[in-house]
Amino acid sequence: MDELKPSPDSQFRLRPCKCGSEDVVYQSYQGPEGTIYRVKCRSCGIRTFWRLCRHDVQVEWNRHMRCEKPEV
């Protein structure tokens, strides 16, 4: 399994985790149908489901599993 921490200016950037950690990475795995991806917080272990498209796990993470913005 490979891990990739995207750079802050990457199109695949990830929001910090709900636990507050910024140690969030993409994981990839070569499955029988090709490469599959998920996003995982290295601090608390929360992760998305495996998907065939890296963009899909990015959207799932950034919409549902990331740290909420503080109210202004």
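Predicted model only: the values in this text are computed from it and were never measured.

(A) Spatial organisation of helix 1 (residues 54-65). For helix 1, built from 12 residues, the straight-helix expectation of 16 Å at 1.5 Å per residue is met to within 8% by its first-to-last C-alpha distance of 15 Å. When we look at burial in helix 1, the residues that qualify are Val57, Gln58, Glu60, Trp61, Asn62 and Met65. Buried positions along helix 1 lie against strand 2 (24-31) and strand 3 (34-41).

(B) Representation of a nonpolar patch on the surface within the structure. Side chains of Met1, Tyr29 and Trp50 sit close together on the surface and give an oily, nonpolar patch of about 340 Å² of accessible area. Looking at the element boundaries, Met1 is found in the segment before strand 1 (2-4).

(C) Inspection of the environment of Met65 at higher detail. Tracing the chain through its elements places Met65 in helix 1. Separated by 24 residues in sequence, Met65 and Cys41 place their C-alpha atoms 9.8 Å apart. Those residues in contact with Met65, other than ones at most four positions away along the chain, are Cys17, Lys18, Ile46, Arg47, Thr48 and Glu60.

(D) Looking closely at the sheet that holds strand 2. In spatial order, the strands read 1-2-3; together these three strands make up an open sheet with antiparallel pairing. At either margin of the open sheet sits one strand with a lone partner, and together these are strand 1 and strand 3. Taken over all neighbouring pairs, the strand axes of this sheet differ in orientation by 30° on average, direction set aside. Two elements, strand 2 and strand 3, share eight bridges in a ladder whose sense is antiparallel. Across the sheet, Gln30 pairs through a bridge with Thr35, a residue of strand 3. Relative to the sheet, helix 1 contacts strand 1, strand 2 and strand 3, its axis offset from that of strand 3 by approximately 20°.

The rules behind each value
- Residues numbered from 1 in each chain as written.
- Predicted model: local features only at pLDDT ≥ 70, side-chain atom pairs only at ≥ 80, totals over all residues.
- Heavy atoms only, no water.
- Helix = DSSP H or I, 4+ residues; strand = E, 2+ residues; numbered from the N terminus.
- Expected span 1.5 Å × (residues − 1).
- Buried < 20%, exposed > 50% of the residue type's maximum accessible area, 1.4 Å probe, protein only.
- Contact = heavy atoms within 4.5 Å.
- Patch = residues over 30% accessible without salt bridge, like charges linked within 9 Å, V, L, I, M, F, W, Y side chains within 5 Å.
- Areas by Shrake-Rupley, 256 points an atom, 1.4 Å probe, with all protein chains shown as cover.
- Salt bridge = Lys/Arg side-chain N within 4 Å of Asp/Glu carboxyl O.
- Pairing = 2+ DSSP bridges.
- Axes fitted to C-alpha atoms, helices over the stretch in contact; angles between N-to-C directions.

That's the geometry; what it means functionally is another story.
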